[in-house]
Amino acid sequence: MGAGSSILPRGGEGYEAAHKLKIAGDAAFQLGDESSLKECIAWYSKAAHELGGDDTTALELRAVILSNRCAAYLKLKQFVSALSDAKRSILLNSTWWW
């Protein structure tokens, strides 16, 4: 888990916007201070909201975004929120980590 770049295939509607929001979240995560981590969580939340549909690419990107948001919650010691995102990411049955 962590906020880093990932190689995912290009996808359908909302994918490009969500990917740009994810990159903004990744940049905020790298700063590491409390306000940047809160900003990072907001970026990841917007990115997850942008993704619609059930196509595989959107599910894969959503899993990455939720995992990254989980890492940000962990750094802020918000364990309940981190656990919630971890569970949601696992339930997507993503294959991006293979």
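Residues numbered from 1 in each chain as written. Predicted model: local features only at pLDDT ≥ 70, side-chain atom pairs only at ≥ 80, totals over all residues. Heavy atoms only, no water.

Student: What is the right way to read the overall build of the chain from this model?
Tutor: When helices and strands are counted, the chain shows 4 helices and 0 strands. Each helix and strand of the chain, placed in order from N terminus to C terminus, yields the pattern α-α-α-α. Looking at the chain as a whole, 41% of its 98 residues are labelled buried. Taking the contacts inside the chain whose residues are at least 6 apart along the sequence as the reference set, 59% of them involve residues at least 24 apart. Accessible surface for the chain amounts to roughly 5,800 Å². Of this, 59% is attributable to carbon and sulfur atoms. (Helix = DSSP H or I, 4+ residues; strand = E, 2+ residues; numbered from the N terminus. Buried < 20%, exposed > 50% of the residue type's maximum accessible area, 1.4 Å probe, protein only. Contact = heavy atoms within 4.5 Å. Areas by Shrake-Rupley, 256 points an atom, 1.4 Å probe, with all protein chains shown as cover.)

Student: Would you mind showing me how to read the nonpolar core here?
Tutor: If you look at the biggest cluster of nonpolar residues, it comprises 21 residues, and the most contacted ones within it are Phe-29, Cys-40, Leu-51, Leu-61, Ile-65 and Ala-72. Broken down by secondary-structure element, the contributors of at least two residues to this core are helix H1 (15-31), helix H2 (34-50) and helix H3 (56-75). Once residues lying within four places of it in the same chain are set aside, the contact partners of Ile-65 are Ala-18, Lys-22, Tyr-44, Ala-47, Ala-48 and Leu-51. (Core = buried A, V, L, I, M, F, W, Y, C linked by side-chain atoms within 4.5 Å.)

Student: In this structure, what is going on with the packing of aromatic side chains? I would like to understand it.
Tutor: To describe a pair of aromatic rings, you give the distance between the ring centres and the angle between the ring planes. For the structure shown, the criterion picks out 0 aromatic pairs. The ring centre of Trp-43 lies 5.3 Å from the NZ or CZ of Lys-46, which sits over that ring. One Lys or Arg, Lys-75, reaches over the ring of Phe-29 and ends 5.1 Å from the middle of that ring. (Phe/Tyr/Trp six-rings, centres within 6.5 Å; stacked < 30°, edge-to-face > 60°. Lys NZ or Arg CZ within 6 Å of the ring centre and 35° of its normal.)

Student: In this structure, what is going on with the environment of Tyr-73? I would like to understand it.
Tutor: Take Tyr-73: it is sitting in helix H3. Spatially, the C-alpha atom of Tyr-73 lies 8.9 Å from that of Leu-83, the residues being 10 residues apart in sequence. Not counting residues within four places of it along the chain, the set of residues in contact with Tyr-73 comprises Ile-41, Gln-78, Ser-81, Ala-82 and Asp-85.

Student: What is the right way to look at the side chain of Ser-89 in this model?
Tutor: Relative to the elements of secondary structure, Ser-89 occurs in helix H4 (residues 79-91). Judged by its relative accessible area of 8%, Ser-89 falls in the buried class. Within the local environment of Ser-89, its side chain forms a polar contact with the backbone oxygen of Ala-63, the two atoms lying 3.2 Å apart. Only 3.0 Å separates the side chain of Ser-89 from the side chain of Ser-67, close enough to count as a polar contact. The contact partners of Ser-89, leaving out residues within four places of it in the chain, are Ala-63, Leu-66 and Ser-67. (Polar contact = N/O pair within 3.5 Å; in protein donor to acceptor, adjacent residues only side chain to side chain.)

Any functional reading would require information that these geometric values do not contain.
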